[in-house]
Amino acid sequence: MSTDSTQAAQRILDLRTELDGHNQRYYVLDQPSIPDAEYDRLFRELQALEAAHPDLISVDSPTQRVGGAPRAGFTEVRHEVPMLSLGNAFAEADMLDFDRRVREGLADDLPPGDLFGGGAEVEYVCEPKLDGLAVSLLYVEGQLVRGATRGDGSTGEDISANVRTVRNIPLKLQGSGWPAVLEVRGEVFMAKAGFDALNQRQLESGAKPFANPRNAAAGSLRQLDSKITASRPLAFCCYGIGQVEGELPDTQLGILQTLQTWGVPISLELYLARGIDACQAYYQRIGAKREALPYEIDGVVFKVNNLAWQRELGFRAREPRWAIAHKFPAMEELTELLDVEFQVGRTGAVTPVARLKPVKVAGVMVANATLHNMDEVARLGLMIGDTVIIRRAGDVIPQVVQVVLERRPLDARAVEIPASCPVCGSHVERTQLVKRSKGKESFSAGSIYRCVGRLACQAQLKQAIIHFVSRRAMDIDGLGEKSVEQLVDLGLVQSPADLYRLQFDQLVGLEGFAELSSNNLLAAIDNSRKPELARFIYALGIPDVGEETAKVLARSLASLERIKRALPEVLTYLPDVGLEVAHEIHEFFSDAHNQNVIEQLGQVLDIQGQGELGAEFAACTTLAGLLDKLHIPSLGPTGAKTLASKFGESLPKLLEADWLDLRQTLSEKPANAVREFFSVAEQRERALKIEAQLREFGMHWESEKRVVAGLPLAGQTWVLTGTLELMSREHAKAKLEALGAKVAGSVSAKTHCVVAGPGAGSKLAKASELGLRVLDEAGFVEQLQALGVTP
Ligand code: IVH
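Quick caveat: nothing in here was measured; it's all calculated off a predicted structure.

**Brief notes about the overall build of the chain**
Each helix and strand counted, the chain has 31 helices and 26 strands in total. For the chain, with 791 residues in total, the buried portion stands at 50%. In the chain, of all internal contacts separated by at least 6 residues, the share reaching a separation of at least 24 is 68%. As displayed, the chain has an accessible area near 37500 Å², and 51% of this comes from carbon and sulfur atoms. Between the averaged position of the 86 positive side-chain charges in the chain and that of its 104 negative side-chain charges there is a distance of 5 Å.

Structure representation (structure tokens):
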């Protein structure tokens, strides 16, 4: 053998071993360790080498096989008609070659070519290539009797119980006229929204998130416990057939359309193209839509429409000659983690950012990726020097999804959180998580690290100002990020209040500030001097306080003074404010530096919308509620209620009570617990302090009957979904909030009502699944009118 072919033989062996390993991880374990794009490159390298050295081809080469072996635990299924794979095209030229081969193969059937060398055009069915898992569904007499994975193409796994849980797979075909035996083939996939929600749940429950929707779909479908599959947001899309005993149309499109009449889901993007140019145009169209589609696709599949012609063209090794997949640029690529740097955000959170060896991902150069927090670094097991998989999905900031452990260099370094802030040098401290058990609060270390420099830290100051002026906060137009940086760097702005002291002479001449823009900015600043309380609170940028919480604070407490002084327990009376957030708010206002900033702002601003305590809040503060909040062991909400009414809603009276008094209302255990709880001076004082504050805020629950008219929808959570045609969503939300309802973004068992306009999807489905009340827009308008509100 020549050196050249010895080298080729060795490379072929290496590639086969490597690809076999990847196949095992991809098909059997659902845990690929390299991105598909990298796999494709290795695969193509092997194909090219084998083409150049045909004598080295062997039957067990990965180029000659499809997929992987079944996983232990599932019964094996033999596919009567093998489930094959598709050849890939990566460029237009590959598509032209494909079309040429098709036309050459059909030369006898096609009308003769013209004088210019062009032949008659072939009709191709075009459809997106969904990125999920191929499945076969066997229907006998219209009943779904078996579901199977592709496996190695001839033997798959029996996943019948699992496919039955996929909601859009018909268990029984609709209509009539279906073949006695019909094998439907298609892709089980997870839509982007479902994938994000699933990963959120995974993270919350401490489980490992999935790297991408394909892995999530495969991992969900190949579960031995079908209850797990059922809890995953899977969907099916049919693209073909296998075994058939009976009649079906004789074109690809005809078959799919017929299957659709029987209730089998097919792609909404299906298209019949005449000739290769029309195929290329379709590829461009779908490419432009790719990011907007609700599911991930990795290419477009083209199939000869005429089934007789498909049969005539036949197969070559693992691929049909009548179909091809034209791939899109990959969303995932391999690169190297050069370093991890730390960025300081608005609330001082110090977050790790990956600095990468620049790599092109789906057409965009990527050099940085977010790492969220140190938990994420630990979860990924990331070390500097690692080879990592980067994923860029849509507009989302690129993510590091996985470390390729096999490629870790010997000198890889651990990622460490800096002890001091990289911007201002202040101490970096670990956040605290507040927990309460047995009436006592305890703190544990959180996973967020914060620079304690506050607005003395330039990074925090810049971000705080950018947030302060943003549209939903103080809405000061004409102050972009660059300008804020300039003002801070020049020392003209050292706190938000400084904005209100800016002078024309200081601005004009700065980069981006001519006379007109300086005047415009000063006018915009001046216009923001009378903010609504909710806007102002939101603008302060309190950690964990978004627009919604800011609104709740403003509506319930209705004065900056009260919000500033509210005790954490008092804050937890507010809807949606938990212990953690309550502590964040309390801590924010207890901080001397923040107090100073707010004081300064108070001098230049005239905050609107302050006054009486909100009705909603007044309605929910009761002595029983207070007792409940103290978390006295063994005292449940019912016990708290009886106790409160027995002692005339008066905490001092309750504190005076002796054990016998308590025993008259409560059984022994809770009576003891209450006595014990209040025998601790600190706890007694705390309770009295909370009560005193509530009273000072205007609550008088001791007086026999408080006349507090709760708002009609107080305590209710509503969800708006789909398109509203009669009013904007913002408007509908404002109306509901004015009635005391909370408007949430997702449906849960706690939702009271869902308003669904046209185009409503998963939220509506969930609402009907949970049996919730659903209104269309007209019904909603009626409801508003019934409550005396003009829609
Ligand atoms: S046709 C013989 N059509 O891609 C033809 N496959 O790379 C076999 N896929 O195993 C498949 N969308 O999992 C076909 N519209 C589509 C597809 C599609 C996704 C997957 C399928 C197949 C793999 C081949």
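Now, onward.
**Things to note about the nonpolar core**
Among the nonpolar cores identified, the biggest contains 86 residues, and Leu499, Tyr500, Ile537, Leu557, Leu601, Leu627 and Phe678 are the most heavily contacted of them. Once residues lying within four places of it in the same chain are set aside, the contact partners of Leu499 are Ile465, Phe468, Val469, Leu479, Val493 and Ile525. By size, the runner-up hydrophobic cluster in this structure holds 36 residues, among which are Val125, Leu173, Ala216 and Val264.

**Topic: the environment of Leu479**
By the secondary structure assignment, Leu479 is in the loop between helix H12 (458-469) and helix H13 (481-489). Residue classification places Leu479 among the buried positions, given a relative accessible area of 8%. A sequence separation of 291 residues divides Leu479 from Val188, and the C-alpha atoms of the two residues are 48 Å apart.

**Details of the packing of helix H1 (residues 3-28) against helix H2 (residues 36-52)**
The N-to-C vectors of H1 and H2 enclose an angle of 145°; their axes lie 10 Å apart at closest approach. In this structure, the crossing between H1 and H2 has a hand that is left-handed. Contact residues: Ala8, Arg11, Ile12, Leu15, Arg16, Glu18, Leu19, His22, Asn23 and Tyr26 in H1; Asp36, Tyr39, Leu42, Phe43, Glu45, Leu46, Leu49 and Glu50 in H2. Classifying every residue of the contact of H1 with H2 gives ten nonpolar, two polar and six charged.

**A closer look at the site of the ligand**
Looking at the ligand, there are 14 residues lining it, with Glu127, Arg150, Glu187, Tyr239 and Lys303 nearest. Note that an oxygen atom of the ligand is positioned 2.5 Å from one of the side-chain N or O atoms of Glu187. With respect to the ligand, the side chain of Lys303 contributes an N or O atom lying 3.0 Å from a nitrogen atom. Sorting the residues of the shell around the ligand by element identifies strand S3 (123-130) and strand S10 (297-304) as the ones contributing at least two each. Each residue belonging to the shell around the ligand can be placed in one class, and the counts come to eight nonpolar, one polar and five charged.

**Concerning the pattern of salt bridges**
Between side chains of opposite charge, a pair can form when the charged atoms approach closely. One pass over the structure, following the stated rule, counts 36 salt bridges. Of the charged contacts, one joins Arg392 and Glu291 as a salt bridge, the two residues approaching to 3.6 Å between their closest N and O atoms. Of this pair, Arg392 sits in the loop between strand S18 (387-391) and strand S19 (399-403) while Glu291 sits in the loop between helix H9 (276-289) and S10; the two residues are 101 residues apart in sequence, bridging distant segments of the chain. Arg392 gets classed as buried once you look at its relative accessible area, which sits at 12%. Close ionic contact of Arg379 with Glu376 constitutes a salt bridge, the shortest N to O distance being 3.0 Å.

**Some words on the state of the cysteines**
Inspection of the entire model under this criterion finds zero disulfides. Here Cys421 is not cross-linked by a disulfide; its sulfur's nearest cysteine counterpart is in Cys451, at 3.7 Å. Residue Cys421 is classed as buried on the basis of its relative accessible area of 4%. No disulfide involves Cys457; its sulfur sits 3.7 Å from that of Cys424, the nearest cysteine.

**What to know about the sheet that holds S10**
In spatial order, the strands read S2-S13-S10-S3-S9; together these five strands make up an open sheet with mixed pairing. Where the open sheet ends on each side, the last strands, each with one partner, are strand S2 (88-89) and strand S9 (271-274). Sheet topology places S2 next to strand S13 (residues 323-327); two bridges connect them, and they run parallel. Across the sheet, residue Ala89 finds its bridge partner in S13, namely His326.

**Re the packing of aromatic side chains**
According to the stated counting rule, one finds ten aromatic pairs in the structure shown. On the basis of an interplanar angle of 10° and a centroid distance of 5.5 Å, the ring pair of Tyr271 and Tyr282 is categorised as stacked. Here Tyr271 is found in strand S9, whereas its partner Tyr282 is found in helix H9, with eleven residues between them in sequence. Ring geometry for Phe588 against Phe589: centres 5.4 Å apart, planes inclined by 85°, an arrangement best described as edge-to-face. Members of the aromatic cluster, joined through ring pairs, are Tyr271, Tyr282 and Phe302. Directly above the ring of Tyr271 sits Arg285, whose terminal nitrogen or CZ lies 4.8 Å from the centroid. We note Lys629 situated over the ring of Tyr573; from NZ or CZ to the ring centre the distance is 4.6 Å.

Reading the values: rules and limits
Residues numbered from 1 in each chain as written. Predicted model: local features only at pLDDT ≥ 70, side-chain atom pairs only at ≥ 80, totals over all residues. Heavy atoms only, no water. Helix = DSSP H or I, 4+ residues; strand = E, 2+ residues; numbered from the N terminus. Buried < 20%, exposed > 50% of the residue type's maximum accessible area, 1.4 Å probe, protein only. Contact = heavy atoms within 4.5 Å. Areas by Shrake-Rupley, 256 points an atom, 1.4 Å probe, with all protein chains shown as cover. Lys, Arg positive; Asp, Glu negative; His and termini not counted. Charge placed at Lys NZ, Arg CZ, Asp CG, Glu CD. Core = buried A, V, L, I, M, F, W, Y, C linked by side-chain atoms within 4.5 Å. Axes fitted to C-alpha atoms, helices over the stretch in contact; angles between N-to-C directions. Left-handed = near helix turned anticlockwise from the far one by under 90°. Nonpolar A, V, L, I, M, F, W, Y, C, P; charged D, E, K, R; others polar. Near = heavy atom within 4 Å. Polar contact = N/O pair within 3.5 Å; in protein donor to acceptor, adjacent residues only side chain to side chain. Salt bridge = Lys/Arg side-chain N within 4 Å of Asp/Glu carboxyl O. Disulfide = S-S within 2.5 Å. Pairing = 2+ DSSP bridges. Phe/Tyr/Trp six-rings, centres within 6.5 Å; stacked < 30°, edge-to-face > 60°. Lys NZ or Arg CZ within 6 Å of the ring centre and 35° of its normal.

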